[in-house]
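Structure at a glance
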Protein chains: 2
Amino acid sequence: MKKEKAVVLLSGGLDSSVVLSIAIKNGFIPYCISFDYGQRHKSELFYAKKQVFLQKVKYYKVFKIDFFGGSALTDNIEIPNNRYSSNIPNDIPVTYVPARNTIFLSYALGYSEYLQCSNIFIGVNIIDYSGYPDCRPEFISMFEKMANIATKQSVLGQKIKIHAPLLKMNKKEIIETGEKNNVDFKYTMSCYNPKNKINCGECDACLLRLNGFFEANMKDPTKYKKNV
Amino acid sequence: MKKEKAVVLLSGGLDSSVVLSIAIKNGFIPYCISFDYGQRHKSELFYAKKQVFLQKVKYYKVFKIDFFGGSALTDNIEIPNNRYSSNIPNDIPVTYVPARNTIFLSYALGYSEYLQCSNIFIGVNIIDYSGYPDCRPEFISMFEKMANIATKQSVLGQKIKIHAPLLKMNKKEIIETGEKNNVDFKYTMSCYNPKNKINCGECDACLLRLNGFFEANMKDPTKYKKNV
């Protein structure tokens, strides 16, 4: 059977690196894309490229796109420390980037149409997550509906599928899946506020990651500012 | 009453220039955005800026964004001549740009959230149009649904409205509306294939425009390669 193509959104973080390994394991030919959107943690792009190399991806593209700001990840707003995954409804932190996943998925949609490909992979997750509205299953499912009337290929009958394989995994399960798929975690970065590729160990992305490794009974091979 | 803000997608074409005049007439404070996406008819951005000036818009932003191609508007593919608005179902021309309106609207969504604004204006139209799937009412309405679960502001209860005031107007009516609102058509560009700001007079965008002026019994003040 001819292998199918898939556009994989790859940030260089732990989640998207594991998603890439899942897409490959499921037999897709991955076309990875990353975005240079003025993010404060731009060094994630170094890790994305590293994963492309380590997971032997043939097709990789970085889109450089202007952004508007409005987030602690793009503007000069302090990253909150020691804010753990919140259970308060609608408590969305300042690290939320307006419509980021909508924009990234729209690019993935256009690029997949360009490639004549019907599969898009994204590493969103609602268990150990920061409360972003554009990570929720209802958003993914509505985006998929919209995508299926937005393009020429959809009008011509080719259905687009948005794959979100991590959606209901906790961080421990994500890490265990990556481990099973031989993802080299040393070359993934989750921190929102790294300095010279050293994780801060205090932002919620770091805390979620560290707890995941702790629960999986594994040691995180990346470097942290403090001894964690 | 405090005036409401609206993000207006402005390409510098006839339609979006008229949409801007409608947004202003309806009492909105326009925040216009354009995209530099490697379009072959990049000179439309000159006209967008001109309309910003002529219609006294205070807020204007051009997003420079990498694109992937796959269209006669971005790649070295010939623009079809004498192809008039097609009545054949699913006959989508090579000038279609994969997911363009999805990407542009996603940007408008993020920018409107950044501005804490709930209104987006877009100049799509399904009467005298090129058959693009992302101009149809079902696409606009589905995008609006998706937008209303995608963002922090939507989770917090602020509804986003996508205004598409030209949706069911023919080109004659669009031109007459612009005329009533004092849009200076001399500084609008519709052509897909202009040379030194001279319209080709042969692409479907030119043909639709010329026919609109003819039916409105008006003369198009822009310049064409051939005497039309």
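The model shown is predicted, which means the values in this text are computed figures rather than measured ones. (Residues numbered from 1 in each chain as written. Chains lettered and ligands numbered in written order. Predicted model: local features only at pLDDT ≥ 70, side-chain atom pairs only at ≥ 80, totals over all residues.)

1. With respect to the interface of chain B and chain A
With 36 residues of chain B at the interface, the matching set in chain A holds 36 residues. Mapped onto the side of chain B that touches chain A, the elements with two or more residues apiece are β3 (59–64), α3 (100–115), α4 (137–150) and α5 (152–155) of chain B. The element that contributes the greatest number of residues to the side of chain B that touches chain A is α3(B), accounting for nine residues. When grouped by side-chain class, the residues that make up the side of chain B that touches chain A number 21 nonpolar, eight polar and seven charged. (Contact = placed C-beta atoms within 7 Å. Helix = DSSP H or I, 4+ residues; strand = E, 2+ residues; numbered from the N terminus. Nonpolar A, V, L, I, M, F, W, Y, C, P; charged D, E, K, R; others polar.)

2. Points about the sheet that holds strand β2 (residues 29–36) of chain B
Residues and elements named next belong to chain B. Sheet architecture is open: five strands sit in the order β3-β2-β1-β4-β5, paired in parallel fashion. Each having just a single partner strand, β3 and β5 (161–163) make up the two edges of the open sheet. In this sheet, neighbouring strand axes are inclined to one another by 25 degrees on average, regardless of whether the strands run parallel or antiparallel. When strand β4 (residues 119–121) meets β5, the two strands line up parallel, connected through three bridges. Opposite Ile 120, over in β5, you have Ile 162 as the bridge partner. Along the sheet, helix α1 (residues 14–25) makes contact with β1 (5–9), β2 and β4, crossing β1 at roughly 170 degrees. Each of β2 and β3 touches helix α2 (residues 44–54); the most contacted strand, β2, lies at about 170 degrees to it. (Pairing = 2+ DSSP bridges. Axes fitted to C-alpha atoms, helices over the stretch in contact; angles between N-to-C directions.)

3. Topic: α1(B)
Residues and elements named next belong to chain B. Compared with the 16 Å implied by 1.5 Å per residue over twelve residues, the 17 Å span of α1 between its first and last C-alpha is a close match. The buried count for α1 comes to ten of twelve residues, which makes it a mostly enclosed element. What α1 keeps buried is the set Leu 14, Asp 15, Ser 16, Ser 17, Val 18, Val 19, Leu 20, Ser 21, Ile 22 and Ala 23. Of the surrounding secondary structure, the elements contacted by the buried residues of α1 are β1, β2, α2, β4, α6 (171–180) and α7 (204–215). Gly 27 occupies a position one or two residues after α1 and carries a positive phi of about 90 degrees. (Expected span 1.5 Å × (residues − 1). Buried ≥ 20, exposed ≤ 12 C-beta atoms within 10 Å, placed from the backbone.)

4. Re α6(B)
All names here are of chain B. Inspection of α6 places Lys 171, Ile 174, Ile 175 and Gly 178 among the buried residues, and these make up the whole buried set. Seen from one end, α6 has its buried residues packed into an arc of 95 degrees, which puts them on one side. Packing partners of the buried residues in α6 comprise α1 and α7. A positive backbone phi angle near 60 degrees is found at Asn 182, which sits one or two residues after α6. (Arc of directions from axis to C-beta.)

5. Quick word on the relation of the copies chain B and chain A
Taken as rigid bodies, chain B and chain A are interconverted by a rotation of 180 degrees and an axial shift of 0.0 Å, the fit giving an RMSD of 0.0 Å. Classification of the inter-copy transformation places it as that of a two-fold axis. Closest approach to the rotation axis within chain B is made by the C-alpha atom of Ile65(B), at a distance of 2.1 Å. A symmetric contact is evident, with 100% of the interface residues of chain B recurring at the interface of chain A. (Least-squares fit on C-alpha atoms with pLDDT ≥ 70 in both.)

6. Section: the confidence of the model for chain A
Overall, the prediction assigns chain A a mean pLDDT of 90, with 93% of residues at 70 or greater. Across the predicted assembly, pTM comes out at 0.92 and ipTM at 0.90. (pLDDT = per-residue confidence, 0-100.)

7. So, the sheet that holds strand β3 (residues 59–64) of chain A
Residue and element names in this part refer to chain A. Judged by pairing direction, the sheet is parallel, and its five strands sit side by side in the order β3-β2-β1-β4-β5 without closing on themselves. Looking along the sheet, the strands with just one partner apiece sit at the ends: β3 and β5 (161–163). Taking the axes of each pair of neighbouring strands and ignoring which way they run, one obtains an average angle of 25 degrees across the sheet. Where strand β1 (residues 5–9) meets strand β2 (residues 29–36), five bridges bridge the pair, whose relative direction is parallel. In the strand pairing of β2, Val 7 is matched with Tyr 31.

8. Side note on the pairing of β2(A)
Along a regular strand, successive side chains alternate from one face of the sheet to the other. Residues and elements named next belong to chain A. Most of β2 sits inside the fold, with six of its eight residues counted as buried. Taken together, the six bridges between β2 and β3 define a ladder with parallel strand orientation. Across the sheet, the residue bridging to Cys 32 is Tyr 60, located in β3. Crossover connection from β2 via helix α2 (residues 44–54) to parallel β3: handedness right-handed. (Right-handed = clockwise from strand over helix to strand, strands pointing away.)

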